[in-house]
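Survey of secondary and tertiary structure
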Amino acid sequence: VIGRSAGLPDNVREAARTIEERTKSGNRGLVQLAVNYGGQAEIVDAAKKIAQAGIPADQITEDLFAANLYAPDVPPADLVIRTSGEQRLSGFLTWQSVYSELYFLEKHWPDFSEADLDGALAWFAGRGRRFVLQATPHHAQQSSGRDPLRQPLPRAGSDVRARLQDRQVEHAVG
């Protein structure tokens, strides 16, 4: 769960903690729930953390900045699915989605189905991306020794779900 928890009702904060605790050992995928979240607010909060740590400006790097975001261990998003027919990100994962593929869907989030997800993943598999992020040390997968950002991208006709199992797919709720 990412976002500013301050100001949220106690029951919402407790529900978020419960969800995180119950799913922390999962290894089949990644879902980020954004509650009271804004991409600009996340960037401001990261800058504040760095400033409060007294780090000199000449020592601030992209890696250091990324390490101070809400979910520093989560790699940048490969795919952002934007529902509701909007053709913008609306501040969703401002830092993490800079090189993401963007998939826009007319449906609203409550109507988003497994078939819609399959369609988005098939579209993504056929994109033929020309740019693959070079992972920073804090994004490398420690457990397997593999870096998910340096793996070959799936192609159309492949088993998209299996090939994307280790890759992050973000859903922008619209």
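Description of the structure in this document. (Residues numbered from 1 in each chain as written. Predicted model: local features only at pLDDT ≥ 70, side-chain atom pairs only at ≥ 80, totals over all residues. Heavy atoms only, no water.)

**Observations concerning the nonpolar core**
The criterion, for reference: Here, nonpolar core refers to any group of buried Ala, Val, Leu, Ile, Met, Phe, Trp, Tyr and Cys residues whose side-chain atoms link them within 4.5 Å. Buried residues are those whose accessible area, probed at 1.4 Å on protein chains only, stays under 20% of the maximum for their type, while exposed residues exceed 50% and partly exposed ones sit between those limits. Labels follow the DSSP assignment, with helices taken as runs of H or I lasting at least four residues and strands as runs of E lasting at least two, numbered in each case from the N terminus. Whether two residues are in contact is decided by their heavy atoms: any pair within 4.5 Å suffices.
Grouped together as the largest cluster of nonpolar side chains are 9 residues: Leu79, Ile81, Tyr103, Leu105, Phe112, Leu117, Ala120, Leu121 and Phe124. Looking at this core, the elements that each hand over two or more residues are β1 (79–82) and α4 (114–125). Considering every element that reaches this core, the biggest residue donor is α4, with 4 residues. Look past the residues within four positions of Leu105 in its chain and what remains in contact with it is Arg82, Thr83, Ser84, Gly85, Phe112 and Asp116. Counting residues in each nonpolar core, the second largest holds 8 residues, with Ile2, Tyr37, Phe92 and Leu93 among its members.

**Brief notes about the pairing of β1**
Looking down a regular strand, the side chains alternate between one sheet face and the other. Rules: By this definition, two strands are paired if DSSP reports at least two bridges between them.
Side chains Leu79 and Ile81 of β1 all project onto a buried face; the interleaved residues Val80 and Arg82 project onto the opposite face, where all are buried too. In this sheet, strand β2 (residues 101–104) lies alongside β1 in parallel orientation, the contact comprising 4 bridges. Note on β2: the bridge partner recorded for Val80 is Leu102.

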